[in-house]
Amino acid sequence: MTDTLADHADAGLRKGEPLIEMTGIGKSYGAIRALRGINLRVNAGEVTCVLGDNGAGKSTLIKIMSGLHPHNEGSLKVDGQELTFASPREALDHGIATVYQDLAVVSLMEVWRNFFLGSELTAGRFPLAGMKIKDMKRIADEELRKMGIVVKDINQPIGTLSGGQRQCVAIARAVYFGARVLILDEPTAALGVKQSGVVLKYTAAARDAGLGVVFITHNPHHAYLVGDHFIILKLGGTALDKNRSEVGLDELTTQMAGGDELTELSHELGR
Amino acid sequence: MMLRMRGARLVAVAAVVALGLAACSEGGKQETTGTSGGGANAAGSSGYTIAMITHETPGDTFWDKIKAGAQQAAKDEGVTLKYSNDPDASKQAGLIQSAVDSKVSGIATTLVTPDALAGSVKAATDAKIPVVGFNSGIDQYQKLGALMYFGSDENVAGTAAGKRIGEAGAKHPLCVIQAAGSVALEARCAGVKSAVPGTENIQVNGADDGAVVSTLQAKLSQDKSIDYIVTLGAPIAIDALKAMDAAASKAKLVTFDLNAEAAQDIQDGKIEFSIDQQPYVQGYLAVSSLYLYLKNGNDIGGGRAVLTGPSFVDKTNIDKIVPFTKNNTR
Amino acid sequence: MTQVRTTPPPAKTPAEASNRVSLSLYSRILARPEVGALVAAVIIFIFFLSVAPAFRSAESFFTVLYQSSTIGIVAVGVGLLMIGGEFDLSAGVITITAGLVNSMLCWNYGMNLWVGALVSLVFCLFIGFLNGYLVMKTGIPSFLITLGTFFVLQGANLGVTKLVTGSVSSPDISRIDGFSSLQAIFASSFKIGPVTVWITVIWWLLFVALAAWILQRTRTGNWIFAVGGNPDSARAVGVPLVRTKIGLFMTVSFFGWFVGMHLLYRFNTLQAGNGVGNEFLYIIAAVVGGTLLTGGYGNAIGVAIGAFIFGMTSLGIVYAGWDPNWFKAFLGVMLLLAVLVNLYVKRMSTARKVG
């Protein structure tokens, strides 16, 4: 599995080299400041975990990185070059692919159409040019199988697959199309234990293939299984920013569960 | 996809417009003498304001002629005319009420749905505003309190048409109804049927000429025994001609009402005759009668409805009428 | 598109098919959107063949096809738009708008009809663009935006016609230059034996074939399914959402223009108040043909069958000699049945087949 993912990953990726650097990033929607002073580095071959409760600013952070909303404070550097994304297309062109929890795929469309959506193989550039459907089906089928995702029929609507399989198809698609940074938005949130395991294995495989991975979750157990670096967001700011060597699962769990506030609460309720 | 070509398209538009203005074609608009003859009086010089309220569904040429007649009368007599319309009965009642509220000198209204309009007509008579009915409501106008009535009796008109085609040998006419649930149209067909018992009705979608043609075409090929077609509006007659052509039908065509094309077809012998209820006259008389009543206390019709039809238009008198249809007055 | 790999990487392991089953032919066929409509069409066809003797002729069949084509051409565009997840309620009146713009421009300014037809095309495309632009920029449902356009066009049709011609029907344009060549394109017919074939039928079949090709075999088609099925997801993987949807609205107004040209050059004059109500017939044809009201599912052949069912029932009742007052009731039943079949099909195809 790992080998095949590595086959597709960009050969130019060097482990540890910074792909995305965010300094003092902030975002306001009108009078509401959703995010402030975020410093985040995504390195090749590492998993950066972003943890946080609902409303902590996780989704705003994703939107900035994936090009859905531009940031309005601080600087965002991709490969050392400072820029602001105007559209998801632009982020994709810089090799930043996002896999959303619910929005990963179009469930009524066939697996192969989903696999190639937005990056179809066509016989020409003009709008009526035919797609190379045979090639697309064959490639999608081969790629999925090589990555260990078995679908019974490449022509079935992707909505008939399980949630874990859909996430995996979306990840496989991103890797196949040369993603260098993979942003996973709550990939395990809606999944059972076994399905989560499958997704986590792909996450690790992508990391080992040299991709920079941003893993967004509110589950510290899942994060600790794959993460190299951990950031906890709270009310739009950074509450914790540590490498794997500096932090243990206990601390992550406590921080996520409320940290100091929880300690205070336990004193109050003391029994 | 297409947006990329926007710039190119703009240029193309400019070129096209320039070309169009330079091009000169025949068959276009001709300088016509004023469609309405010059009235001697300035608008409103008599000091009367008359409200005309109808159940017109926007887009029917028939009502254009009623309006043209009313406007001409207003011009001739120096009356200020306020025209309003709504096909919905309750909204038409509201329009009458608002005319009463604005204290007009007189009200002319169609009475297509007498029961729904009775209340607001009573409000007008209570406020001492004279009301005349026109176009529809011949049976109920007196009961509602309207002073006079100008229009045709749909049933009488239908019977007259039926008698005439019956005398010409009609056995199985097809009566084409272009609007669902219209009392006036059903009454015309009922009149035809009373004269020729073999009459059959058919419902078509008058809002779609293509659908009218194919429905009639289908009917004509289904039933070859149809020997006459009676259409209840001039535009439908034009569609029926196309359907007869397509179905190679030998049936003859008669129609209610007139327009420029139908008049031309009567002249060319494609339409046998038209039963005209003279909408221009209805509009003109409705306004004039109110003017005379207000000014001189006149009563027209001697306590009875004044019939504006049926007036037959056929080969014998069409030559005189064609110019008027082009002026939109017949 | 820099990340598209044009050459597939060499397959490392040979494909293993042992653990894969392909679905049976039966369930593959059932999963197609037009199947419900096709079955219904065959049943209705046989039904009318048996009860209406006048229905059993090639002439009648082609009259039905003509009737279907005048609805079907616009329905192709409306179907594509609905697969793309939007509605257009202005599609009925825009046919009349198109014809009126052409006829009154040419009549009033003495232009060649070709020029008027092109101006009218540009105008219609602009209305389609405006519909799409407003829907995308404001985020207001297309149902409301195009309802607004519908009323504006309906009023403007009547108001402008009255201003220009003094009546509510457009002037006869049959003697203006360019009439015969335009009539040949939009409203001519030819005979094959006793059968009259209207050119709109040919155009209709061509447009259906083209739309089917675009939907199934081109990138644009992939995008149409995606923007209708899940717009956010489509946008996230780089599908140009705004451009695709605006393009779809413009496609509808193009087809509206086309039918408007047919009406104008077949009837020489147009009643300015006509066309109202047809927008629902287009939507009905699309829905009966298996298009999902919520978007993302359907195909062009299905929409064509939907239009054919409409043509067949509207005329079949006349051929059978029944009271056509019943037609609307029949149409309503058809629509309900189609929606139920679609619901069933959607459940079937999104239910999990494999673990």
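Residues numbered from 1 in each chain as written. Chains lettered and ligands numbered in written order. Predicted model: local features only at pLDDT ≥ 70, side-chain atom pairs only at ≥ 80, totals over all residues.

Enquirer: Tell me about the overall build of chain B, and please be specific about residues and values.
Expert: When helices and strands are counted, chain B shows 12 helices and 12 strands. Burial status across chain B gives 52% buried among its 330 residues. A sequence separation of at least 24 residues applies to 74% of the contacts in chain B between residues at least 6 apart. (Helix = DSSP H or I, 4+ residues; strand = E, 2+ residues; numbered from the N terminus. Buried ≥ 20, exposed ≤ 12 C-beta atoms within 10 Å, placed from the backbone. Contact = placed C-beta atoms within 7 Å.)

Enquirer: Break down the overall build of chain C for me, citing the residues and quoting the values.
Expert: Secondary structure assignment for chain C yields 14 helices and two strands. Looking at chain C as a whole, 55% of its 355 residues are labelled buried. Long-range contacts, defined as pairs at least 24 residues apart, comprise 79% of the intrachain contacts of chain C with a sequence gap of at least 6.

Enquirer: Explain the nonpolar core to me, using residue names and the numbers behind them.
Expert: By size, the foremost hydrophobic cluster in this structure holds 189 residues, and its most contacted members are Leu182(A) and Ala285(C). With 16 residues, the single largest contributor to this core is helix H11 (residues 241-267) of chain C. If sequence neighbours within four positions are ignored, Ala285(C) has contacts with Ile71(C), Gly72(C), Ala75(C), Val303(C), Gly306(C), Ala307(C) and Phe310(C). Membership of the second largest hydrophobic core comes to 50 residues, among which are Leu220(B), Ala234(B), Ile236(B) and Phe256(B). (Core = buried A, V, L, I, M, F, W, Y, C linked by C-beta atoms within 7 Å.)

Enquirer: Can you break down the sheet that holds strand S11 (residues 306-307) of chain B residue by residue, with the values?
Expert: Residues and elements named next belong to chain B. Taken together, six strands build an open sheet; the order of strands is S2-S1-S3-S4-S5-S11 and the sheet is parallel. On the outer flanks of this sheet lie strand S2 (80-85) and S11, each paired with one strand and no other. Relative to strand S5 (residues 149-151), strand S4 (residues 131-134) runs parallel, the two sharing two bridges. Opposite Gly133, over in S5, you have Tyr149 as the bridge partner. Along the sheet, helix H3 (residues 89-101) makes contact with strand S1 (49-54), S2 and strand S3 (106-110), crossing S1 at roughly 175 degrees. (Pairing = 2+ DSSP bridges. Axes fitted to C-alpha atoms, helices over the stretch in contact; angles between N-to-C directions.)

Enquirer: If you had to explain the pairing of strand S2 (residues 195-198) of chain C to someone new, which residues and values would you point to?
Expert: Residues and elements named next belong to chain C. The side-chain alternation of S2 yields one buried face, formed by Thr196 and Trp198, and one unburied face, formed by Val195 and Val197. In the sheet, strand S1 (residues 189-192) pairs with S2 via four bridges, with the strands oriented antiparallel. The residue bridging Lys191 from the neighbouring strand is Thr196, located in S2. What sits between the antiparallel neighbours S1 and S2 is a turn of two residues, in which Gly193 has the positive phi angle 65 degrees.

Enquirer: Any chance you could break down the packing of helix H6 (residues 163-176) of chain A against helix H7 (residues 193-208) of chain A for me, citing the residues and the numbers?
Expert: Residue and element names in this part refer to chain A. At a minimum axis distance of 8 Å, the contact between H6 and H7 shows a crossing angle of 10 degrees. Taken together, the axes of H6 and H7 lie roughly parallel to each other. Across the interface between the two elements, Gly163, Gly164, Gln167, Cys168, Ile171 and Val175 of H6 pack against Gln195, Val198, Val199, Tyr202 and Ala206 of H7. Looking at the contact of H6 with H7 residue by residue, the class counts come to seven nonpolar, four polar and no charged. (Parallel < 35°, antiparallel > 145°, perpendicular 65-115°, else oblique. Nonpolar A, V, L, I, M, F, W, Y, C, P; charged D, E, K, R; others polar.)

Enquirer: Help me get a handle on unusual backbone geometry, residues and values and all.
Expert: All names here are of chain B. At Lys128, a residue that is not glycine, the phi angle is positive and equals roughly 60 degrees. The backbone of Asp257 shows a phi angle near 65 degrees, a positive value even though the residue is not glycine. Inspection of the secondary structure assignment puts Asp257 in the loop between strand S9 (252-256) and helix H10 (260-267).

Enquirer: Give me the lowdown on the confidence of the model for chain B, citing residues and values where you can.
Expert: Residue and element names in this part refer to chain B. Put simply, chain B has an average pLDDT of 83, and 86% of its residues get 70 or more. For chain B, helix H1 (residues 6-22) is the element with the lowest average pLDDT, namely 48, and strand S8 (residues 228-231) is the one with the highest, namely 94. Here residues 1-7 scores under 50 on pLDDT; set against residues more than four positions off or in separate chains, the count is eight contacts. Note that residues 32-40 has pLDDT below 50 and, in this model, nine contacts with residues that lie over four places away or in other chains. (pLDDT = per-residue confidence, 0-100.)

Enquirer: Requested: an account of helix H12 (residues 318-326) of chain B, with residues and values cited.
Expert: Residue and element names in this part refer to chain B. Along H12, the positions that sit buried rather than exposed are Ile318, Ile321 and Thr325. Relative to the axis of H12, the buried residues are bounded by an arc of 65 degrees and lie together on one face. Summarising the geometry of H12, the exposed residues directed more than 90 degrees from the buried face are Asp319, Lys320 and Pro323. Buried residues along H12 sit in contact with H10 and strand S12 (311-314). Two residues or fewer past H12, Asn328 is found with a positive phi of approximately 70 degrees. (Arc of directions from axis to C-beta.)

Enquirer: Explain the environment of Leu76(A) to me, using residue names and the numbers behind them.
Expert: All names here are of chain A. Looking at the secondary structure, you find Leu76 in strand S4 (residues 73-78). In the structure, Leu76 is positioned 15 residues away from Leu61 in sequence and 11 Å away in space, judged by C-alpha atoms. Contact partners of Leu76, with chain neighbours within four places excluded, come to Met22, Ile25, Ile64, His71, Glu82, Leu83 and Thr84.

Enquirer: Can you break down the confidence of the model for chain C residue by residue, with the values?
Expert: Residues and elements named next belong to chain C. On average, chain C scores 85 in pLDDT, and the residues at 70 or more come to 87%. Here helix H1 (residues 25-30) is the element of chain C with the lowest mean pLDDT, 64, and helix H5 (residues 113-138) is the one with the highest, 96. Counting contacts from residues 1-21, a segment whose pLDDT is below 50, to residues more than four positions away or on other chains yields 25 contacts. On the interface metric, ipTM, the complex scores 0.77, and its pTM is 0.80.

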